[in-house]
Amino acid sequence: MNALVPLPVLLPLCATGLSLAFGTRLARFQRFISVAVLTAVLALSVTLMIAADRQGPLSVHLGDFAPPLGITLVADRLSGLMLTVSSAVTLSVLVYSLGQGMADRDKETPVAVFHPAYLILVAGVSLTFIAGDLVNLYVGFEIMLVASFVLLTLGGTGPRIRAGSTYVIISLFSSMLFLTAIAMMYAATGTANFAELALRLPDLPLGVQTLVQAMLLTVFAIKAAVFPLAAWLPDSYPTAPAPVTAVFAGLLTKVGIYCMLRTETLLFPGNRLGDLLMAVALFSMIVGILGAVAQTDLKRLFSFTLISHIGYMVFGIGLATREAYGGAIFYVAHHITVQTTLFLVAGLIERRGGTNELTRLGGLARAAPLLAVLFFLPAMNFAGIPPLSGFIGKLGLMRAGVADGSVWAWILVAGATVTSLLTLYVMAKIWNLAFWRTEPPGQAAYGTVLETSDDSDDEDADTGPDRIPGTGDEGVGPPPAGQPVAATLQGRAVTTTLHPPRPMTGATAGAVLLGLAFTVLAGPLTAFTDRSAAELIDRRPYVEEVLGP
């Protein structure tokens, strides 16, 4: 079983080579490779999660070189859960992107760059979850950075290049800080292996330990977009295509949270910086959700809610109890799925309405009832309405705070409650403006009709439900599929679709169901996250698996 541990990294990397080799010449085969590999990675991730739960942590020393010389990969309960959720999410986003036609959008590019970049991103994410040392954790970060820049700048538009440049500058700064921390750690202990560091760090002076811990937390806080290190996110993510924004917002920020969980429990037990973590958690919640309240652009609004709800996870890490760690792990799994789903829905809304600006939307509940359902379910889950998984995760964190009983814990419980109520307000605001109210006069956007339910030439079709007003064709019924028609929204050219491609809708529905599955399976999942938290606090299983009894 241990031999399976490297495969979630190796399979996407090998598939990247095949994808580059075939390029646009065999586009269908390229898409097949991507879907098949991510499906295999999902199956492997589930297998590793079950095996780690039954047998304990699994490890592999690549090349049979023992630490500190060799590369060690480790999969425990936390790694297995993160691999499973991330694999499911990346597969859903890939199917969504295929429906949107992202991979074939740039016809002038000699190779189709989306699939290779996406597979490299998946490999980088998987490596961060199973890395057994700081150096390979850094390598995983850099792999993600390279792929992320390519995906952020797809299409080469001015806003995307600017956003991508900001993202790269911030990421390079955090990478330099990360390298400095690794160098200091290696100079002080002679190793970068997690298991060996867990044994050697307690022998260092307290000031050195605290300095290195603060540096690593800063690096991971930048990756996770924790306030006040989150200013880059609302300007970077919304400019990317919807599938890219979805996987970045839902998954990449949680890589930073995972690293905080791993290092705070394995390398720096004792919660020396717990009060600082709870303070930044509180400010992340409040500042993030107030920023969301002020937004009318849907993607920017969701970006601010992302910052806000990162605060819940940092809250659990700052409490540093078994119950808090369990609640944080549960909420990470929940948030990856639900946040990704909301960004996918934002892409569908933009495709149907021609814009993400809430003031220009309306009437979608009647015009697109399925889209309304796909938004309403994850929105209520995200807001924490009982009995959905969002409520279960928040309740677990608040119970841990009440059990802790400290002043900071009670302040965070109050802040979490206020944030949850404001999140519900924000979701209701989106519902009222985009779905419930009638369509604003003169705001309707109609564009290239990709498909219609009726392509007949019936002259009496002008009264049909698919009539396209504002195009000069009110009296002749809908144009046939693929026929371009005039399309403007307040003087701006747009492209909309009356019926989104089925892969987009299907992938979004699958993500919604995955979020609901966390509610149905809340009992077993809560028990699993509790065992994961206990394993994190009791470091011996991890250390003994890597170094031996």
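The structure displayed is predicted, hence computed values, not measured ones.

(A) Quick look at the packing of aromatic side chains. According to the stated counting rule, one finds 19 aromatic pairs in the structure shown. When the centroid spacing of 5.9 Å and the interplanar angle of 75° are considered together, the rings of Tyr138 and Phe178 count as edge-to-face. With Tyr138 in helix α5 (residues 134-152) and Phe178 in helix α6 (residues 158-189), the pair connects residues that are 40 residues apart, well separated along the chain. On the basis of relative accessible area, Tyr138 is assigned to the buried category, the value being 18%. What makes Phe178 buried here is its relative accessible area of 1%.

(B) The arrangement of the side chain of Thr263 in detail. Its location among the elements puts Thr263 in helix α10 (residues 242-266). By relative accessible area, which is 1% here, Thr263 ends up buried. Thr263 has contacts with Phe220 and Phe268, leaving out every residue within four places of it along the chain.

(C) Quick peek at helix α18 (residues 502-520). Here α18 is 19 residues long and its end C-alpha atoms lie 26 Å apart, about the 27 Å a rise of 1.5 Å per residue gives. Among the residues of α18, those classed as buried are Met504, Thr505, Ala507, Thr508, Ala511, Val512, Gly515, Phe518 and Thr519.

(D) Highlighting the environment of Ala163. The topology assignment puts Ala163 in helix α6. Counting along the chain gives 73 residues from Ala163 to Ser236, while the straight-line C-alpha distance between them is 4.5 Å. Setting aside its immediate chain neighbours within four residues, Ala163 contacts Asp235, Ser236 and Thr239.

(E) Examining the pattern of salt bridges more closely. The final tally for this structure, using the stated rule, is 9 salt bridges. Note that Asp53 and Arg77 form a salt bridge whose closest N and O atoms lie 2.7 Å from each other. On the criterion of sequence distance, the pair formed by Asp53 in helix α2 (residues 27-55) and Arg77 in helix α3 (residues 77-100) is long-range, its members being 24 residues apart. A salt bridge links Glu196 to Arg200, with the shortest nitrogen-to-oxygen separation between them at 3.9 Å. Residue Glu196 and its partner Arg200 are both found in helix α7 (residues 194-200); the two are separated by 4 residues, about one turn of the helix. For Glu196, a relative accessible area of 9% puts it in the buried group. Residues joined in a network through salt bridges with shared partners are Asp53, Arg77, Arg531 and Glu535.

(F) Region of the structure containing the nonpolar core. Counting 170 residues, the largest nonpolar core has Phe178, Ile257, Phe302, Phe375 and Met427 as its most contacted members. Among the elements that line this core, the one with the most residues is helix α13 (residues 322-353), at 17 residues. Apart from residues lying up to four places away in sequence, Phe375 is in contact with Phe302, Leu342, Val345, Met427, Ile430, Trp431 and Phe435.

(G) How the structure looks around a nonpolar patch on the surface. Residues Leu370, Val373, Phe376 and Leu377 make up a contiguous nonpolar surface patch of roughly 330 Å² in combined accessible area. Relative to the helices and strands, Val373 is located in helix α15 (residues 369-383). Note on Val373: relative accessible area 45%, which makes it partly exposed.

(H) Representation of helix α1 (residues 7-22). Between the first and last C-alpha of α1 there are 22 Å, a value that for 16 residues agrees with the 22 Å anticipated at 1.5 Å per step. Of the residues making up α1, those classed as buried are Pro8, Val9, Pro12, Ala15, Thr16 and Ser19. On an axial view of α1, the arc spanned by its buried residues comes to 140°, and they lie on one face. Along its buried surface, α1 packs onto α2, α3 and α4 (114-130).

(I) Looking closely at the environment of Ala428. On the secondary structure map, Ala428 appears in helix α17 (residues 407-436). Residue Ala428 is classed as partly exposed on the basis of its relative accessible area of 31%. Sequence separation between Ala428 and Ala379 is 49 residues, and the spatial gap between their C-alpha atoms is 8.6 Å.

(J) Broad picture of unusual backbone geometry. In this structure, the amide linkage connecting Phe227 to the following residue, Pro228, adopts the cis form with an omega of 5°. One can find Pro228 in the loop between α8 (206-224) and α9 (233-236). Geometrically, the link from Pro386 to Pro387 is a cis peptide bond, its omega value of 0° lying close to zero. Topologically, Pro387 is positioned in the loop between α15 and α16 (389-404). Not every positive phi belongs to a glycine, and Ala225 is a case in point at roughly 60°. Along the polypeptide, Ala225 turns up in the loop between α8 and α9. Taking relative accessible area as the criterion, Ala225 reaches 0% and is therefore assigned buried. Even without a glycine there, the phi angle at Ala320 is positive, about 60°. Structurally, Ala320 is set in the loop between α12 (298-319) and α13.

(K) Representation of the packing of α13 against α15. Contact pair α13 / α15: the axes reach a minimum separation of 9 Å and the direction vectors enclose 150°. Looking at the two axes, α13 sits roughly antiparallel to α15. Relative to α15, the crossing made by α13 is left-handed. Across the interface between the two elements, Tyr331, His334, His335, Val338, Gln339, Thr341, Leu342, Val345, Leu348, Ile349 and Arg352 from α13 touch Leu371, Leu374, Phe375, Pro378, Ala379, Asn381 and Phe382 from α15. Grouping the constituent residues of the contact of α13 with α15 by class yields 12 nonpolar, 5 polar and 1 charged.

(L) Main features of the side chain of Thr337. On the secondary structure map, Thr337 appears in helix α13. For Thr337, a relative accessible area of 1% translates into the label buried. Sequence-distant contacts of Thr337, that is, excluding residues within four places in its chain, are made with Val85, Val89, Ala511, Leu514, Gly515 and Phe518.

(M) Expanded view of the confidence of the model for the protein. The predicted model of the protein has a mean per-residue pLDDT of 83, with 86% of residues at 70 or higher. Across residues 106-111 the pLDDT falls below 50, and counting only partners more than four positions away or on other chains, this stretch makes 3 contacts in the model. Note that pLDDT drops below 50 for residues 445-495; the model gives that stretch 85 contacts with residues more than four away or on any other chain.

(N) Just the packing of α3 against α13, in detail. Remark: α3 packs on α13, axes separated minimally by 10 Å, with the N-to-C direction vectors making an angle of 5°. What the angle tells us is that α3 and α13 run roughly parallel. Taken together, the residues of α13 that come into contact with α3 (itself represented by Leu78, Leu81, Met82, Val85, Val89, Val93, Tyr96 and Gln100) are Ile329, Val332, Ala333, Ile336, Thr337, Thr340, Leu344, Gly347, Leu348 and Arg351. Class assignment for the residues of the contact of α3 with α13 results in 13 nonpolar, 4 polar and 1 charged.

What counts, and where the lines are drawn
Residues numbered from 1 in each chain as written. Predicted model: local features only at pLDDT ≥ 70, side-chain atom pairs only at ≥ 80, totals over all residues. Heavy atoms only, no water. Phe/Tyr/Trp six-rings, centres within 6.5 Å; stacked < 30°, edge-to-face > 60°. Helix = DSSP H or I, 4+ residues; strand = E, 2+ residues; numbered from the N terminus. Buried < 20%, exposed > 50% of the residue type's maximum accessible area, 1.4 Å probe, protein only. Contact = heavy atoms within 4.5 Å. Expected span 1.5 Å × (residues − 1). Salt bridge = Lys/Arg side-chain N within 4 Å of Asp/Glu carboxyl O. Core = buried A, V, L, I, M, F, W, Y, C linked by side-chain atoms within 4.5 Å. Patch = residues over 30% accessible without salt bridge, like charges linked within 9 Å, V, L, I, M, F, W, Y side chains within 5 Å. Areas by Shrake-Rupley, 256 points an atom, 1.4 Å probe, with all protein chains shown as cover. Arc of directions from axis to C-beta. Axes fitted to C-alpha atoms, helices over the stretch in contact; angles between N-to-C directions. Parallel < 35°, antiparallel > 145°, perpendicular 65-115°, else oblique. Left-handed = near helix turned anticlockwise from the far one by under 90°. Nonpolar A, V, L, I, M, F, W, Y, C, P; charged D, E, K, R; others polar. pLDDT = per-residue confidence, 0-100.

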